[in-house]
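Remarks on the overall topology
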Amino acid sequence: MSYIITESQDLDGKQDSEPNQINKKKPLYKILYVQVLFAIVIGVLVGHFYPSFAVDMKPFGDAFIKLIKMLIGPIIFCTVVSGIAGMQDAKKVGRLGGKALLYFEVVSTFALVIGLLVGNLLKPGAGFNINPATLDAKAVMDYAGKAKQLSTTDFLMNIIPNTVADAFTKGDILQVLLVSLIFGFALSLLGKKCKPALDMIDAASHAIFGAVNIVMKFAPLGAFGAMAFTVGKYGVGSLGPLAKLIGSFYLTSILFVFVVLGLIARYSGFSILKFLVYIKEEIFLVFATSSSDTALPTLMKKMEQLGCSKSLVGFVVPTGYVFNTDGTSIYMTMAALFVAQATNTELSLTQQLAILAVAMLTSKGASGVQGASFIALVGTLAVVPTIPVAGMALILGVDRFMSEARALVNMIGNGVATVVMARWERELDTEKLKVIS
């Protein structure tokens, strides 16, 4: 039996009502990832030939992202609460949390180190010879103001919402996760007394994923709007001056996925290439929208259908979206070195290690903030005052083109992490996993 999500299945794994339709493939134009890919191509063409019109398409992309983010909070709440309540073992949840955080920290730190090594090896900023005094520092000031707020205490305090409702209205994944954990533990401790509440949450999760199915039908329109705006606003020509930085970053991201995550996947018993094919819809969607959030609902469901337990998926994926930011980690150390090299700022090994240490926190502390990676990078550069923050203006214009790779690596890394954690916890259906082994 094949366990790949067939085109005749929805996100809940339900098949079409007519048995004779189950084995029939849908026409290409009805397949979601084909529609998204076509929309991306059209978006690039419109952005290139009709830039003014393309910029006006931005609301389509923004609206789709907002629709998805609108559902993320309820999805996390329902899956985490029902998962933990179903475990009925607080020690198991604690053990899973400890293992997940350890894995996230090790892999994301490895990504930071890789960004640092590649930045020193390829030197993407060498030869720019930029005088910081000639740069427009005003463009960075808005981000700098937000970056100053990213302290350890603020980050920890921000995990706790002002009210339960505030966690959902803000859309902060970590706050929603905290509320979900507390409710999940409460239902688990109360047991049978709260079975009606648990049944209601379980039913609500089916309704929410039904809503995701409806929203995903607009994915091609969202992909078109986002891609048309990016190309129309910045133009492919804007990549020229910073092509070495962008090329180095994309190359490093690809190598990280296929070498680092590939080795982790192979060790865990599956092929990274087949895994990427399995989540191709999510890859195209994230690439078009430059947001990993757009893939969170369907990624969670696909991880379940791949054989990972529902409770584990509900805990690992949302937590990983905050703490397992591999793409952001690569970007931060590489971009920091780029600014230093472009402005002819010499960095000692101690200073580079200081950047690495601070980035371990700031790469996670900016989660959920618009322009999070850029804000986190500005905050990280503050640790080495000799690097002119105004140098960030060099990257600001092309940051949008690097955000696709950041979001993709973040999303793929969390998918791989979920399968790895499921295997460690022995909550993985290996027969289902064989489809991508």
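Residues numbered from 1 in each chain as written. Predicted model: local features only at pLDDT ≥ 70, side-chain atom pairs only at ≥ 80, totals over all residues. Heavy atoms only, no water.

**Quick word on the packing of helix α10 (residues 219-234) against helix α20 (residues 399-424)**
Helix-helix packing is characterised by the crossing angle of the two axes and by the distance between the axes. To keep it simple, the criterion reads: To obtain an axis, a line is fitted to C-alpha atoms, over the contacting stretch when the element is a helix, and the angle between two such axes runs from 0 to 180 degrees between their N-to-C directions. Secondary structure elements follow DSSP: runs of H or I no shorter than four residues count as helices, runs of E no shorter than two count as strands, and numbering proceeds from the N terminus. By the convention used here, residues are in contact when the closest approach between their heavy atoms is within 4.5 Å. The residue classification treats Ala, Val, Leu, Ile, Met, Phe, Trp, Tyr, Cys and Pro as nonpolar and Asp, Glu, Lys and Arg as charged. All others, Gly included, are polar.
Running from N to C, α10 and α20 cross one another at 145 degrees; their axes reach a closest spacing of 10 Å. Contacts between α10 and α20 involve Ala226, Phe229, Thr230 and Tyr234 from the first element and Arg400, Phe401 and Glu404 from the second. Grouping the amino acids of the contact of α10 with α20 by side-chain chemistry returns 4 nonpolar, 1 polar and 2 charged.

**Brief notes about the pattern of salt bridges**
Worth spelling out the cut-off: For this document, the term salt bridge refers to a Lys or Arg side-chain nitrogen within 4 Å of an Asp or Glu carboxyl oxygen. Using a 1.4 Å probe on the protein chains alone, a residue whose accessible area is under 20% of its type maximum counts as buried, one over 50% counts as exposed, and one in between counts as partly exposed.
The full count for this structure, using the stated rule, is 8 salt bridges. A salt bridge links aspartate 293 to lysine 69, with the nearest nitrogen and oxygen atoms 3.6 Å apart. With aspartate 293 in the loop between α13 (280-289) and α14 (296-305) and lysine 69 in helix α3 (residues 58-87), this residue pair connects regions lying 224 residues apart in the sequence. Here aspartate 293 falls in the buried class, since its relative accessible area comes to 16%. In this structure, lysine 302 and glutamate 282 form a salt bridge, with 3.1 Å as the shortest nitrogen-oxygen distance.

**Comments concerning the packing of aromatic side chains**
The description of two aromatic rings rests on the distance between their centres and on the angle between their planes. Counted only if it meets this: For Phe, Tyr and Trp, rings pair up if their centres lie within 6.5 Å, where Trp contributes its six-membered ring, and each pair is then called stacked (planes under 30 degrees apart), edge-to-face (over 60) or tilted (otherwise). Sitting over a ring, as applied to charges here, requires NZ of Lys or CZ of Arg to be within 6 Å of the ring centre and within 35 degrees of the ring normal.
Taken as a whole and assessed by the stated rule, the structure comprises 7 aromatic pairs. Plain terms: the ring middles of phenylalanine 249 and tyrosine 250 are 6.3 Å apart, the flat faces sit at 85 degrees to each other, and that makes the pair edge-to-face. Aromatic side chains phenylalanine 249 and tyrosine 331 sit 5.9 Å apart centroid to centroid with 75 degrees between the ring planes, which places their arrangement in the edge-to-face category. With phenylalanine 249 in helix α11 (residues 243-267) and tyrosine 331 in helix α16 (residues 326-342), this pair connects stretches of sequence that are 82 residues apart. Since its relative accessible area comes to 1%, tyrosine 331 is described here as buried. These aromatic residues form a ring-pair network of at least three members: Phe77, Phe168 and Phe183. Above the plane of the ring of phenylalanine 229 lies lysine 58, whose end atom (NZ or CZ) is 5.3 Å from the centre. When the ring centre of tyrosine 331 is taken as origin, the NZ or CZ atom of arginine 406, which lies over that ring, is 4.2 Å away.

**A few points about the nonpolar core**
Here is the rule: The nonpolar core is taken to be a set of buried Ala, Val, Leu, Ile, Met, Phe, Trp, Tyr and Cys residues, with the residues joined through side-chain atoms within 4.5 Å.
Counting 129 residues, the largest nonpolar core has Phe275 and Ile395 as the members making the most contacts within it. Here this core takes 14 residues from α20, the largest share from any one element. Leaving out residues up to four positions away in the same chain, phenylalanine 275 has contacts with Phe270, Met303, Leu306, Ile412, Gly415, Val416, Val419 and Ile436.

**A word on the environment of isoleucine 173**
Checked against the element boundaries, isoleucine 173 lands in helix α8 (residues 173-190). As for isoleucine 173 and phenylalanine 77, which are separated by 96 residues in sequence, their C-alpha atoms are 9.9 Å apart.

**Description of the side chain of threonine 345**
Going by this rule: In the analysis that follows, any N or O atom pair within 3.5 Å is treated as a polar contact, provided that within protein one partner can donate a hydrogen and the other can accept it, and provided that, for residues neighboring in sequence, both atoms belong to side chains.
If you trace the backbone, threonine 345 turns up in the loop between α16 and α17 (349-365). Look at threonine 345 and you get buried, because its relative accessible area is 15%. A polar contact of 3.0 Å, which involves the side chain of threonine 345, links it to the side chain of threonine 343. If we skip the residues at most four places from it in the chain, threonine 345 touches Ala340, Thr386, Ile387 and Pro388.

**Describing the environment of phenylalanine 77**
Topologically, phenylalanine 77 is positioned in helix α3. Classification of phenylalanine 77 as buried rests on a relative accessible area of 17%. Residues phenylalanine 77 and phenylalanine 315 lie 238 residues apart in sequence; the distance between their C-alpha atoms is 9.8 Å. When neighbours within four sequence positions are excluded, phenylalanine 77 is seen to be in contact with Phe168, Val176, Val179, Ser180, Phe183 and Ile201.

**What about the packing of helix α9 (residues 195-216) against α14?**
To keep it simple, the criterion reads: Roughly parallel here means an angle under 35 degrees, roughly antiparallel means over 145, roughly perpendicular means 65 to 115, and every remaining angle is called oblique. For any pair of crossing helices, the crossing counts as left-handed if the nearer helix is rotated counterclockwise from the farther one by less than a right angle, and right-handed if it is rotated clockwise.
Closest axis-to-axis distance for the α9/α14 pair is 10 Å, and the angle between their directions is 125 degrees. The pairing of α9 with α14 is recorded here as oblique in orientation. Helix-helix and strand crossings are classified by hand; for α9 and α14 the assignment is left-handed. Along the contact surface, α9 presents Phe209, Val212 and Met216, while α14 presents Pro297, Thr298 and Lys301. Taken together, the residues of the contact of α9 with α14 break down into 4 nonpolar, 1 polar and 1 charged.

**Describing unusual backbone geometry**
Here the phi dihedral of serine 290 falls at roughly 60 degrees; this positive angle occurs in a residue that is not glycine. Mapped onto the secondary structure, serine 290 falls in the loop between α13 and α14. Positioned with a positive phi, asparagine 344 is a non-glycine residue whose angle comes to about 55 degrees. The residue asparagine 344 is located in the loop between α16 and α17 in this model.

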